[in-house]
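Residue-level structure breakdown
So the chains spell out like this:
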Amino acid sequence: VQLVESGGGLVQAGGSLRLSCAASGRTFSSYAMGWFRQAPGKEREFVAAITWSGDGTSYADSVKGRFTIFRDNAKNTVNLQMNSLKPEDTAVYYCAASRTIVTRYTVDSWGQGTQVTVSS
């Protein structure tokens with residue numbers, strides 16, 4: 001599956017952004033999907049994940065209560081709604097697909113990344 005992210009940009013602290021990831025291929029609904037992020041000089045870290053059916057989600061503690069992941073299998077998309085953004089959320093955000101569970105080591109496909117910058 002090929003992934004293309006969109007929706008990144010510059011926003012002030014406290015603001016909101018929605019990231020979208022469009023997937024190609026007919027097997028999108030069989031993949032668990034997730035979002036990761038990587039800030040300069042730091043390792044790529046898990047942000048959020050959703051099961052293939054959409055009935056299960058998980059979040060990093062740092063974004064819990066502020067970010068929401070959801071998917072539309074009919075449109076082959078997965079989205080990340082980000083509210084109450086903080087400067088420490090600044091990073092390149094990557095969409096990810098996994099045939100099993102979403103961890104950094106079990107991702108089968110990565111998107112190219114989209115920059116999110118939160119100004120203070």
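Residues numbered from 1 in each chain as written. Predicted model: local features only at pLDDT ≥ 70, side-chain atom pairs only at ≥ 80, totals over all residues. Heavy atoms only, no water.

The next subject is unusual backbone geometry. The phi angle at N76 is positive, at roughly 55 degrees, despite the residue not being glycine. Mapped onto the elements of the fold, N76 is located in the loop between β7 (67-72) and β8 (77-82). Here N76 falls in the buried class, since its relative accessible area comes to 18%. Residue S84 is not a glycine yet carries a positive backbone phi of 50 degrees. For S84, the position within the fold is in the loop between β8 and β9 (91-98). (Helix = DSSP H or I, 4+ residues; strand = E, 2+ residues; numbered from the N terminus. Buried < 20%, exposed > 50% of the residue type's maximum accessible area, 1.4 Å probe, protein only.)

A separate point is the packing of aromatic side chains. Considering all chains together, one arrives at three aromatic pairs under this definition. Taking the centre distance of 5.8 Å and the plane angle of 80 degrees together, the rings of F36 and F46 count as edge-to-face. Highlighted residues: F36 in strand β4 (residues 32-38) and F46 in strand β5 (residues 45-50), separated in sequence by 10 residues. You can call F36 buried: its relative accessible area is 1%. Residues Y94 and W110 carry aromatic rings whose centres are separated by 6.4 Å and whose planes lie at 85 degrees to one another, so their mutual orientation is edge-to-face. On the criterion of sequence distance, the pair formed by Y94 in strand β9 and W110 in strand β10 (residues 109-110) is long-range, its members being 16 residues apart. By relative accessible area, which is 13% here, Y94 ends up buried. Pairwise contacts between aromatic rings join F36, F46, Y94 and W110 into one cluster. (Phe/Tyr/Trp six-rings, centres within 6.5 Å; stacked < 30°, edge-to-face > 60°.)

Here we take up the sheet that holds β8. With antiparallel pairing, four strands are arranged side by side in an open sheet as β1-β3-β8-β7. Taken across any chain shown, the strands that pair with only one partner, and hence form the sheet edges, are β1 (3-6) and β7. Pairs of neighbouring strands in the sheet enclose a mean axial angle of 15 degrees, with direction left out of account. Where β1 lies against strand β3 (residues 17-23), four bridges are found, and the strand directions are antiparallel. Bridge assignment links S6 to a residue of β3, and that residue is S20. (Pairing = 2+ DSSP bridges. Axes fitted to C-alpha atoms, helices over the stretch in contact; angles between N-to-C directions.)

Moving on, we get to the nonpolar core. A general tendency of soluble globular proteins is for nonpolar side chains to be buried together. Counting 29 residues, the largest nonpolar core has M33, W35, V78, L80, M82 and Y93 as its most contacted members. Those elements that place two or more of their residues in this core are β3, β4, β5, β7, β8, β9 and β11 (114-119). Residues within four places of M82 in sequence aside, it is in contact with G15, S16, L17, L19, R66, F67, Y93 and V116. The next biggest cluster of nonpolar side chains, apart from the first, holds six residues, and it includes A32, F36, A49 and V107. (Core = buried A, V, L, I, M, F, W, Y, C linked by side-chain atoms within 4.5 Å. Contact = heavy atoms within 4.5 Å.)

Attention now goes to the environment of R18. If you trace the backbone, R18 turns up in strand β3. For R18, a relative accessible area of 46% gives the class partly exposed. Sequence separation between R18 and S30 is 12 residues, and the spatial gap between their C-alpha atoms is 23 Å.

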